[in-house]
Amino acid sequence: MSMLANRNRMVAGTVGLVGIFLLALTLAAAALLWTTRQTALADSEEQEVRFVSGAVAALNRSLLGVDVLLASMDSLLGLSGLVQEWIDEDNASRLIRGVTEQSLIVRYVALVDPNGRVVASSHASGSGLQVNLPDGFLSETMSQPVSTLTISAPVVSFASSERVLYLARYIKMADASKMLAVAQVEIPVLTSIVIQGVDISGLEVTLERADGQLLASVPNQERLLGTRLPPFTGIHQGATQATRMATRLTGAPGIVVTRPVLYQDMLISASIPEAAALDEWRTQRDFIISVSLVFTAMILAAAGFAIWYMQRLQHARLGIAHSKNTLDQALESMVSGFVLLNAEHQLVSWNQRFLEFYPWLASCVQPLLPFEAVLNASAMDQFPQLDEEQRRQWIQRHMTQLLNAQGTHEQALPSGKAIQITVRRTPEGGRVIVYQDVTVLREAMVEIEKLAFYDALTHLPNRRLLMDRLEHATASNARSGRYGALLFLDLDHFKVLNDSLGHDIGDLLLQQVAQRLKTCMRAEDTVARLGGDEFVVMLEDLSSRSVEAAAMARHIGEKILEALNQPYQLAAHKYHSTPSVGVTLFGATALSSADLLKQADIAMYEVKAHGRNDLCFFDPQMQATINARAQLERDLHAALKNNEFELYYQPQYTLQGQVVGAEVLIRWHHPERGMVSPIEFISVAEESELIMHIGQWVLRTACEQLAAWRTQPAASALQLSVNLSARQLQQREIVAQVLSILEETGAPTHLLKLELTESTVLVNVDESIAKMGQLKAQGVHFSVDDFGTGHSSLAYLTQLPLDQLKIDQSFVRNIGLKPTDGVIVQTIIGMARNLGLEVIAEGVETQLQQEFLAEHGCTLYQGYLFCKPVPLTAFTTLLAQTQQPDAITQ
Ligand SMILES: Nc1nc2c(ncn2[C@@H]2O[C@@H]3COP(=O)(O)O[C@H]4[C@@H](O)[C@H](n5cnc6c(=O)[nH]c(N)nc65)O[C@@H]4COP(=O)(O)O[C@H]3[C@H]2O)c(=O)[nH]1
């Protein structure tokens, strides 16, 4: 409504403005017309005044000449001394002719007696000339008291048949009689004198008497000559200014200038009809009017265009306002939040829904607010704990995400809402951001996923999800070459429970079993319920060695057996349940998920067939291995308890054959199997807590021996190298443990050398370095076993607090056989020397090997060439026979 009023106001304003313009233009044009008209009239007046002045002057001069000519007759003819009869007419005519010929305007001059008879004349006929003076002219002239020039009315000359004027004055004779000297002037001659060659358009010139009698005129008006023109009214005859009145001849409205002539109340009048005076002005007038009309047309056209344009503009504005209104309504009725940013990433538009999602922004949003400020407000409200730098980074991260994002991403709000944010770039470089509440959708999806992939009773993954994960796991294990395991569980006699106590109780058992199974697993493992009382556990990424993977699977299986064997409280019923567990490994062979599940299922039935509540592997060989390992573990536990271990000592020699120490190597006297090699049982022990106990036993025994040797001069300087397994070093309390054993046994710290393998150190380098550093600070020595075989520890070599490098026997064995190994041996020796470390070669079996090592700078040796690992008694005997070096000092 107001827009319409506004438009009308604008149109009215434009019309008014145009009216003013047109009025101004009209006034200006009129003023211009008036001015130019007045100027044209003034110009004509001026012209007329100039002309009349010239004409009067010329006529006066001519009349004066005639007057002088006539007056000169007296002296020429000596008339004042004569009487008429004395006049020699011929002589007088000749004399008159002589002076008349000198005049330019006078045609004839005659001497006329009071009776009108020509006495003498300038004409060839002399006194024979006929002069037809108008009636009364003669007597009128003669009767003048003083002789003055009189001018007759126009008459036709007998002599020339032309219209002429007679100019006369009387001359007194000696006898007081009077003679009339008359000059005949042809009117055309007179008018040509008056006109003086001037050519003024429309000019009317009259020579008149004061009473209006017309004597001559230009243009010649034959019929008016001698008649009386309307007298001048209200005009002073002597006035020199122009007067607006009817022209003298045609009576048209015009400009009249009149001036008296010197003689006999004659005057000259010049008239220009206004029409002629404004001739040129009319052209100007037409031009001014044309220009004004053109301007008027242009103004009207411009106004028309302006109104049209305003209407269009208004229309467009109305359209835009309407569109904006519609858009605003649309935005406000959107279920999504909406934000529009300009190219400078400032807020241009947003809707209420956006503020409902982010209520803390309600007080800060305003047009052209930089979006960074919006993020800042969010960060301040939502993450008040962030310091300024963290907040800056948070804002930066979100800005980058906003600027680079095309498409959708999701945001979880503290309120629990899930907001899907869609960012689109506008053609101007701005952004349209749409915020959609997808909380319900997400919850529904979670629910759908749950229904699709999870078991409703236990909330464990169902068969579908298990198979999906199994597919992934088998594919990934096939790539990495590592093994995983699938454990198929079935609850023994579940049907009996269900039938006797009902399904609800059965369901309670299943739920509790699910709960217990989860507690036995790592986070990355999967426990699934296939249905009924069948559960499957999938263990991924166990080991790259199948035996080890099987052992780990067995461990977990046994854990499950133990957990599920605990009594259950099912509502009011106490219940004891047992499971049967079938295991199969996956990773080596590319079996399908279904086949793997079948294998585990078969293994599980194997358990059922053999009395239930047990675990069985699908592969009989694997089962046998696992059984053996299980047996070995059990035996190792017993061995520790029954003191079945013994330490052997393998001496370490200098080049000169002196024994500087020994490596202690564990031996197990199995009650049934006899001596068991550490190669067989150390790796098994390392997979469980057993290695801690065995390692501790070895360390304590070695330290006790060192302490015992303190008082024996032959052995008091010997160092003992003790192998420390990876798991031992990873123990948090290893440093305290070693130090307390040293203290308890009283062994000299500096005689204890701990042998580590490269891989042992590299498990957790920084922590290993720290632990080694602490022990080193107390005097304990370190040697790296198997140097050069494992991972490249070169990068850490300088950081490790080492005393000795041990060249692995695999290189020593190949000396003389494999040139590259010879080179490696040389390199290790060189490196050890550079780092100021001792270097010892193990597994030296031949003279050739020893010579090669000696030649390249190796100073210590261990191997069958010198001595095999031997029991303490044999070692003590050996010591007695061998020369010892000086004691090793700290
Ligand atoms: N062919 C040949 N072999 C030689 C020669 N000289 C020594 N050996 C053998 O090489 C092994 C050297 O020990 P290792 O590399 O630490 O390798 C050891 C070590 O890793 C581990 N082990 C032995 N005792 C312990 C122990 O007390 N604690 C820990 N953690 N591991 C031990 O068992 C591995 C095997 O020990 P052993 O059977 O005693 O085997 C010993 C030793 O008998 C030689 O000239 N030729």
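All of these numbers come straight from a predicted model, not from anything done at the bench. All residue numbers refer to positions counted from 1 along the written sequence of the respective chain. For this predicted model, a pLDDT threshold of at least 70 governs which residues receive local features, and a threshold of 80 or more governs which side-chain atom pairs are given and counted, while totals over whole chains, interfaces and linings are taken from all residues. Computation of side-chain values covers all heavy atoms of the structure but excludes hydrogens and water.

> What should I look at first to understand the overall build of the protein chain in this one?
Looking only at helices and strands, one finds 27 helices and 33 strands in the protein chain. Each residue's exposure class comes from its accessible area (1.4 Å probe, protein chains only) as a fraction of the maximum for that residue type: buried when under 20%, exposed when over 50%, partly exposed otherwise. Counting over 890 residues, the protein chain shows a buried share of 48%. Residues are treated as being in contact if the distance between any of their heavy atoms lies within 4.5 Å. Within the protein chain, contacts between residues separated by at least 24 positions form 62% of all contacts whose residues are at least 6 apart in sequence. To measure how exposed things are, a 1.4 Å probe is used in the Shrake-Rupley method; for residues, cover is taken only from the protein chains shown. Carbon and sulfur atoms form 56% of the exposed surface of the protein chain, whose accessible area is close to 43300 Å². Strands are runs of DSSP state E lasting at least 2 residues, helices are runs of H or I lasting at least 4, and numbering of each runs from the N terminus.

> What exactly am I supposed to notice about the UniProt feature "transmembrane region" (unreviewed entry) in the protein chain here?
UniProt positions are given in the numbering used here, feature names are shortened, and annotations may be inferred rather than shown by experiment. As recorded in UniProt, the sites labelled "transmembrane region" (unreviewed entry) are residues 287–309. Annotated as 100% helix and 0% strand, the span residues 287–309 places its first and last C-alpha atoms 32 Å apart.

> When you look at the sheet that holds strand 12 (residues 337–341) in this model, what are you seeing that I'm missing?
Within a sheet, adjacent strands bond to each other through the backbone by hydrogen bonds, running parallel or antiparallel. A pair of strands counts as paired when DSSP detects no fewer than two bridges linking them. Taken together, five strands build an open sheet; the order of strands is 13-12-16-15-14 and the sheet is antiparallel. Looking at the sheet topology across the chains shown, the edges are occupied by strand 13 (347–350) and strand 14 (407–412). Going from strand to strand, the sheet's axes swing by 20° on average, the running direction of each strand aside. Geometry is summarised by axes, namely lines fitted to C-alpha atoms with helices restricted to the contacting stretch, and by angles between N-to-C directions that run from 0 to 180 degrees.

> Would you explain the pairing of strand 13 in this entry?
With three bridges connecting them, strand 12 and strand 13 associate as antiparallel partners. Opposite V339, over in strand 13, you have W350 as the bridge partner. A loop of five residues connects strand 12 with strand 13, the two strands running antiparallel in sequence, and H345 in this loop sits at a positive phi of about 60°.

> Looking at this structure, I do not really get a nonpolar patch on the surface. What am I missing?
A cluster of nonpolar side chains, V294, F295 and M298, forms an exposed patch at the surface whose accessible area comes to about 290 Å². Among the secondary structure elements, F295 is positioned in helix 6 (residues 279–332). Note on F295: relative accessible area 41%, which makes it partly exposed. The patches described consist of residues with a relative accessible area above 30% and no salt bridge, like charges being joined within 9 Å and nonpolar side chains (Val, Leu, Ile, Met, Phe, Trp, Tyr) within 5 Å. Only one rule defines a salt bridge in this text: a Lys or Arg side-chain nitrogen within 4 Å of an Asp or Glu carboxyl oxygen.

> Any chance you could explain the pattern of salt bridges here in plain terms?
When the charged atoms of two side chains with opposite charge come close together, those side chains can pair. In total, this model carries 37 salt bridges according to the counting rule given. Linking R282 and D279 is a salt bridge whose minimum nitrogen-to-oxygen distance equals 2.8 Å. With R282 and D279 both in helix 6, this residue pair falls three residues apart, about one helical turn. Taking the relative accessible area as the measure of exposure, R282 reaches 25% and is therefore partly exposed. Here D499 makes a salt bridge to K495, at a shortest N to O gap of 3.2 Å. Residue D499 and its partner K495 are located together in helix 12 (residues 494–501), separated by four residues, close to a single helical turn. The exposure class assigned to D499 is exposed, which follows from its relative accessible area of 55%.

> Please explain the environment of G430 as it appears in this structure.
Within the secondary structure layout, G430 lies in the loop between strand 15 (418–425) and strand 16 (431–437). For G430 and L341, which are 89 residues apart along the polypeptide, the C-alpha to C-alpha distance reads 5.2 Å. Not counting residues within four places of it along the chain, the set of residues in contact with G430 comprises L341, N342, A343, R424 and R425.

> What is the right way to read the sheet that holds strand 18 (residues 526–531) from this model?
Taken together, five strands build an open sheet; the order of strands is 18-19-17-22-23 and the sheet is mixed. The open sheet terminates on both sides in strands that have one partner only, identified here as strand 18 and strand 23 (615–617). Adjacent strand axes in the sheet meet at a mean angle of 25° when their direction is disregarded. Sheet analysis places strand 22 (residues 579–586) next to strand 23, joined by three bridges and oriented parallel.

> I tried to follow the site of the ligand on my own but got confused; where do I start?
Around the ligand lies a shell of 19 residues, among which Q650, R667, Q809, E845 and Y864 are the nearest. One nitrogen or oxygen atom from the side chain of Q650 is found 2.8 Å from a nitrogen atom belonging to the ligand. Within the side chain of R667, a nitrogen or oxygen atom sits 2.9 Å from an oxygen atom of the ligand. Here the ligand has 780 Å² of accessible area as a free molecule, and 83% of this is covered by the chains. Here the shell around the ligand takes four residues from strand 25 (residues 659–670), the largest share from any one element. Residues are labelled near a given molecule or strand when at least one of their non-hydrogen atoms is within 4 Å of it. Under this definition, polar contacts are N or O atom pairs within 3.5 Å; protein pairs additionally need one hydrogen-donor-capable and one acceptor-capable atom, and for neighbouring residues in sequence, both atoms have to be side-chain atoms.

> Where do I start with the environment of C867 in this structure?
By the secondary structure assignment, C867 is in the loop between strand 32 (860–862) and strand 33 (870–871). In the structure, C867 is positioned 214 residues away from Y653 in sequence and 9.5 Å away in space, judged by C-alpha atoms. In this view, C867 contacts Q650, P651, Y653 and L878; residues no more than four positions away in its chain are not counted.

> So what exactly am I meant to see when it comes to the nonpolar core here?
Nonpolar side chains in soluble globular proteins tend to be buried together. Ranked by internal contacts, the top residues of the largest apolar core, which has 79 residues, are L752, L754, L802, L805, I807, L853 and F875. Looking at which element gives the most residues to this core, the answer is helix 18 (residues 690–709), with eleven residues. Apart from residues lying up to four places away in sequence, L752 is in contact with L699, C703, L706, L720, V722, V738, L742, V780 and H781. Core analysis: the second largest hydrophobic core is formed by 66 residues, F51, L82, A120 and A181 among them. To define a nonpolar core, start from buried Ala, Val, Leu, Ile, Met, Phe, Trp, Tyr and Cys residues and group those joined through side-chain atoms within 4.5 Å.

> Please clarify how the pairing of strand 6 (residues 178–186) should be interpreted in this entry.
A regular strand carries its side chains on alternate faces of the sheet. The element strand 6 is extensively covered by neighbouring structure, given that eight of its nine residues are classed as buried. Counting the residues in the hairpin turn of strand 5 (residues 163–172) and strand 6 gives five residues, including A176, whose phi is positive at 70°.

> Is there a simple way to think about the packing of aromatic side chains in this case?
Any aromatic ring pair is given by two values, namely how distant the centres are and how the planes are angled relative to each other. Each Phe, Tyr or Trp ring, with Trp reduced to its six-membered ring, pairs with another whose centre is within 6.5 Å; inter-plane angles below 30 degrees give stacked pairs, above 60 give edge-to-face pairs, and intermediate values give tilted ones. Tallying each qualifying case throughout the model produces 16 aromatic pairs. Pairing W668 with F681 gives two aromatic rings, centres 5.4 Å apart and planes at 80°, and the pair type is edge-to-face. Here W668 is found in strand 25, whereas its partner F681 is found in helix 17 (residues 678–686), with 13 residues between them in sequence. Here the aromatic residues F354, Y358, W360 and Y435 are joined through ring pairs into a cluster of three or more. Lysine and arginine charges are scored as sitting over a ring when NZ or CZ, respectively, is within 6 Å of the ring centre and within 35 degrees of the ring normal. Over the face of the ring belonging to Y568 we find R516, whose NZ or CZ atom lies 3.6 Å from the ring centre. Geometry around Y648 places R667 over its ring, the cationic atom sitting 5.1 Å from the centre.

> It is not clear to me how the side chain of R209 should be interpreted in this structure. Could you clarify?
Note that R209 resides in strand 7 (residues 204–209). One polar contact links the side chain of R209 to the main-chain carbonyl oxygen of S152, over a distance of 3.0 Å.

> What is the right way to read the packing of helix 14 (residues 546–565) against helix 16 (residues 620–642) from this model?
Each pair of packed helices can be described by the angle between their axes along with the distance between the axes. Viewed as axis vectors pointing N to C, helix 14 and helix 16 meet at an angle of 70°, and their least axial separation amounts to 10 Å. When the axis of helix 14 is compared with that of helix 16, the two are roughly perpendicular. Crossing geometry of helix 14 relative to helix 16 is assigned as right-handed. Contact residues: S546, V547, A550, A551, R554 and H555 in helix 14; M622, T625, I626, R629, A630 and E633 in helix 16. Under the scheme applied here, ten amino acids are nonpolar (Ala, Val, Leu, Ile, Met, Phe, Trp, Tyr, Cys and Pro), four are charged (Asp, Glu, Lys and Arg), and all others, including Gly, are polar. Taken together, the residues that form the contact of helix 14 with helix 16 break down as six nonpolar, three polar and three charged. Between 65 and 115 degrees an angle is taken as roughly perpendicular, under 35 as roughly parallel, over 145 as roughly antiparallel, and anywhere else as oblique. Rotating anticlockwise by less than a right angle from the far helix to the near helix defines a left-handed crossing, while the corresponding clockwise rotation defines a right-handed one.

> What exactly am I supposed to notice about unusual backbone geometry here?
Excluding glycine, residues mostly carry a negative phi; peptide bonds, for their part, are mostly trans. That bond from V218 to P219 is cis: its omega, -5°, falls within 30 degrees of zero. Within the secondary structure layout, P219 lies in the loop between strand 8 (214–218) and strand 9 (243–246). In this structure, D541 is a non-glycine residue whose phi angle is positive, near 50°. Relative to the helices and strands, D541 is located in strand 19 (residues 534–543). Unlike most non-glycine residues, A571 shows phi in positive territory, near 55°. Within the element layout of this structure, A571 appears in the loop between strand 20 (568–570) and strand 21 (573–575).

> What is the right way to read helix 11 (residues 463–480) from this model?
In an α-helix, one turn spans 3.6 residues, which is why side chains three or four residues apart end up on the same side. In this model, helix 11 (18 residues) spans 25 Å end to end at C-alpha, consistent with the 26 Å of a helix rising 1.5 Å per residue. Listed as buried for helix 11 are L465, L466, M467, L470, A473, T474 and N477. Residues of helix 11 that are buried make contact with helix 10 (439–453), strand 17 (483–491), strand 18, strand 19, strand 22 and helix 15 (593–609). Its side-chain oxygen at 3.1 Å from the backbone nitrogen of R464, N462 defines the N-terminal cap of helix 11. Positive backbone phi, at 75°, marks G481, one or two positions downstream of helix 11. Expected span, for any helix, means 1.5 Å times one less than how many residues it has.

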